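# Examining the three-dimensional arrangement
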Amino acid sequence: MAAVLEGQKPEETAAAAEDAARPTVQAVDSRPGAHFLLAGNKLNLDLHPGGCHRLQYLCSQQPPQLLQVEFLRLSTHEDPQLLDDTLAKVPWSLLRLRSLVLKGGQSRGALGACLHGTLTTLPAGLSDLACLAHLDLSFNRLETLPSCVLELRSLDALLLSHNCLSELPEALGALPTLTFLTVTHNRLERLPPTLGSLSTLQCLDLSENLLDTIPSEIGDLSSLRELNLASNRLHNLPASLAGLRSLRLLVLHSNLLTSVPTGLAHLPLITRLDLRDNQLRELPAELLDAPFVRLQGNPLGEASPAPPSSPDISQIPEMPRLFLTSDLDSFLVTPHGCSVTLACGVRLQFPAGATTTPITIHYRLWLPEPGLVSLGPHDFLLSGVLELQPHGVAFQQDVSLWLLFVPPRVHRCREVVVRTRSDNIWNDLETHLEEEAPKRLWARCQVPHFSWFLVVLRPVSNTCLLPPEGALLCSSGHPGVKVTFPPGVTEEPRQVSMQVVHMAGLELRALLEESEASVSPLLCLSQSGPPSFLQPVTVQLPLPPGVTGFSLDRSHLHLLYRTPLTATWDDITTQVALEFTHLYARFQVTHFSWYWLWYTTKTCVGGLARKAWERLRLHRVNLIALQRRRDPEQVLLQCLPRSKVDATLSRLLDRYRGPEPSETVEMFEGEKFFAAFERGIDVDADRPDCVDGRICFVFYSHLKNVKEVYITTALDREAQDVRGQVSFYRGSLPVEVPEEAEAARQKKGTDALWMATLPIKLPRLRGGQGHGQGTDFSLMPLNLGDAETGFLTQSNLLSVASRLGPDWPAVALHLGMSYRELQRIRHEFRDDLDGQIRHMLFSWAERQTGQPGAVGHLVQALEQSDRQDVAEEVRAILELGRHKYQDSIRRTGLAPEESLPGTSASQTPESAQA
């Protein structure tokens, strides 16, 4: 028996969870090789030849588990007489049977076609299955429907596809509980009028038959929600179809229809009416404009005049090319088609015949608000959100769409796709990249209708349509990642997909603080249809780097599984049978989610895996606001991934001070947001990125995302400090948003756009000097120098700065400052020479605090710059300070004159003034 994962029950239905909890029994025949699988209440005998013999053996032994069986699958690729004898025993042995699947099609011919089973009838005794609700007789050789089927009063679903039925019996209308009936790919030429008596029928599929008429009684199916009549020979439809008030889907493509009932346009719940590839030459005006109608492949208007509501096409001017300059605009598209270039970096091409009537297209580019964007755990947003209206209106031909996007960094095994919203579901379109110029990329796709569009960078997705015969799915980016699906893994074909995410070893080792730690690629497996497979699926993952199957310590290897509903990582190493080769590990699962192999000495890795998972996303950020130490009016604003905050702060600590970083914020790659100063503080508006007093950011995880701004205030700073704040906001949310975004906005209320607020403090001015005058440094005590050479205060430095003039760059270079720093000071104080000098002196002095010989270094730099006059002034200041200090000591009698040093560290600023 294959190992089956535990721990997936939260994502299953209650019934599936109960089935999974039941024991699995393997019954073995005395004959070699004869075995079968009895799992819970399910008996699968269609996986290998000889199912009839095994069922007869079970019926003869009557094990206790057989009485609990509710689901039976039996292949019909058997001898007809043996099959009939075996089925005759079912009513006596499987008293609780609810589902009976007798399908052919599991074997293929030389050309790959599915081979039909040998079933031509059913034994009459099957009518005794009083609990049977599901009967699948697909891919067989039935020419008439067995009479026993018409006596199954509990039957809910009947599947008769791919048989040889030419008609359905009148008595079919007597099944009281039937809700699902499919008779596709048969030879039906007529339908019984009693079909309208199936009052509970919800889904009826009669496609791929030979029907040329439909009885009017079909309009009596009051519960019918889906009706498929595609690929028949229908010339017309009964008007009674307009009475199907519950109908949501009506498929009529590939027929010979020349007209349809007008009442179809008034069905209250209809979401799709597929009329493609018919002979329709005219159509009610209500259906021409309806967004749910598909009309491709019809000769509309060729043999009859245009509808009265349609303008004369010949009078409409051609619009081969349009160039629009507004970010909020509209344009007209005619049946002649056109090529349109929008101001927001979007191009559209409407082929001739894309519309049957002129239509006005409205467009707008929104900021990437959380409610508008659908991103997977490891997706990155590369564009804004484009909205094209009217939503859902289908075109007769696909429209080409080009979206300009920001080129991403080189990402391993990632791809760019256009994502769109359709029927309340986000889907990825087939996307082609076109490079127009360096760093200018377009994502091109074909769209059948309009909605919301955005460009996303996602992990490469490998998909396949999984048939019941099994398949092999490999990763194109990681050849060692494979998933093997055995035969019988699914009843119906289902879509399966694989995504692989790589994590750098350096990041992992830094996270775990373990030099030998390593992980395999992160594997995501997903599939459509039921949550579990009928057979265990084999997954192959490469072993973590540096680990081989012959040398690994199994106690250090952990297989982690991400539980979807609880979003936690569980260690399932002991719950599966791990097999190792030199390079790979293999294990078997029945459910799909995320899987990860870790090699580490840590014993509890679930929480560490969660941290690594979040680090891969790079969507969790912090916001910081720091004030320059020597000039608090210069503020640095930055948004950066949470993992980079500590390193950034430690690097800036010697030049900036400010509040702690904000709490963690969810941010999208490429998202635009704003910083605004409040409570009496404003920002210098002379910047291109300042809109209405707000500084604009666009977040990219691989950039610095930093702004340095000067802030001002209209308040009286000579009287007191000014306390304010900087707040970070997202842009405004659009008025018309998808339903889930509207729900999120109502839940969060008016604070939905607010992200973080950090305090800002401007110290009060002294001496009436304004911005850039340097008086704010009086709040920061400065005693530059030491006891041997003397001390200088802020006032002394201001006196020196007032005499330097244009010679200050030479002094700065002799003080050891770099030429780049000089250029930056010149840029920051472009029109203020005094500000340049003061900024240079105080930035140097702040770095020299507590360093011996600093004053002597300043004097030497002045002399080397040919400013002997200023050097002499500094010496005089130092000498005067020493004399005043000695006199004060003598007057207080604290020390004898001969023991006095040249100066003291306790010298006050007042005693050192010139």
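Residues numbered from 1 in each chain as written. Predicted model: local features only at pLDDT ≥ 70, side-chain atom pairs only at ≥ 80, totals over all residues. Heavy atoms only, no water.

A general tendency of soluble globular proteins is for nonpolar side chains to be buried together. Ranked by size, the top nonpolar core spans 77 residues in total, and within it Leu 181, Leu 204, Leu 227 and Leu 275 carry the most contacts. Counting residues per element, the ones that place at least two in this core are β3 (42-45), α2 (51-61), β4 (71-74) and α3 (80-93). Those residues within four positions of Leu 204 in sequence are excluded, and the remaining contacts are Leu 181, Leu 195, Ile 218, Leu 221, Leu 224, Glu 226, Leu 227 and Asn 228. (Core = buried A, V, L, I, M, F, W, Y, C linked by side-chain atoms within 4.5 Å. Buried < 20%, exposed > 50% of the residue type's maximum accessible area, 1.4 Å probe, protein only. Helix = DSSP H or I, 4+ residues; strand = E, 2+ residues; numbered from the N terminus. Contact = heavy atoms within 4.5 Å.)

Take the confidence of the model for the protein chain next. For the protein chain, mean pLDDT is 78; residues scoring 70 or higher make up 79% of the total. Every residue in residues 767-781 is under pLDDT 50, and counting partners more than four places away or in other chains gives 33 contacts. Low pLDDT, under 50, characterises residues 892-914; the stretch is placed with 38 contacts to residues that sit more than four places away or in other chains. (pLDDT = per-residue confidence, 0-100.)

Before going further, it helps to examine the pairing of strand β21 (residues 394-405). β21 sits mainly inside the fold: nine of its twelve residues count as buried. Judged from the four bridges that link them, strand β17 (residues 346-350) and β21 form a sheet pairing that is antiparallel. Considered in β21, the bridge of Leu 348 is made with Leu 401. (Pairing = 2+ DSSP bridges.)

Here we take up the packing of helix α9 (residues 794-804) against helix α12 (residues 833-848). Viewed as axis vectors pointing N to C, α9 and α12 meet at an angle of 140°, and their least axial separation amounts to 9 Å. Between α9 and α12, the crossing angle belongs to the class labelled oblique. The element α9 and its partner α12 pack so that their crossing is right-handed. Residues Gln 794, Leu 797, Leu 798, Val 800, Ala 801 and Leu 804 of α9 form the contact with α12, whose participating residues are Ile 837, Arg 838, Met 840, Leu 841, Phe 842 and Ala 845. In terms of residue class, the contact of α9 with α12 is made up of ten nonpolar, one polar and one charged. (Axes fitted to C-alpha atoms, helices over the stretch in contact; angles between N-to-C directions. Parallel < 35°, antiparallel > 145°, perpendicular 65-115°, else oblique. Left-handed = near helix turned anticlockwise from the far one by under 90°. Nonpolar A, V, L, I, M, F, W, Y, C, P; charged D, E, K, R; others polar.)

This part is about the sheet that holds strand β46 (residues 694-698). Strand order in this open sheet of five strands is β45-β46-β43-β48-β49, and the pairing throughout is antiparallel. Strand pairing shows two members of the sheet lacking a second neighbour, β45 (690-691) and β49 (754-762), which therefore form its edges. Bridge analysis of strand β43 (residues 672-678) against β46 gives five bridges, and the strand direction is antiparallel. Across the sheet, the residue bridging to Lys 672 is Val 698, located in β46.

So, on to unusual backbone geometry. Backbone torsion omega between Gln 389 and Pro 390 reads 5°, so that peptide bond is classified as cis. Here the phi dihedral of His 185 falls at roughly 55°; this positive angle occurs in a residue that is not glycine. Assignment of secondary structure puts His 185 in the loop between β8 (180-182) and β9 (203-205). His 185 sits in the partly exposed class, given a relative accessible area of 37%.

On to α9. Among the residues making up α9, those that are buried are Gln 794, Asn 796, Leu 797, Val 800, Ala 801 and Leu 804. End-on, the buried residues of α9 take up no more than an arc of 155°, which puts them together on one face. Remark: Gly 805 follows α9 within two positions and exhibits a positive phi of approximately 65°. (Arc of directions from axis to C-beta.)

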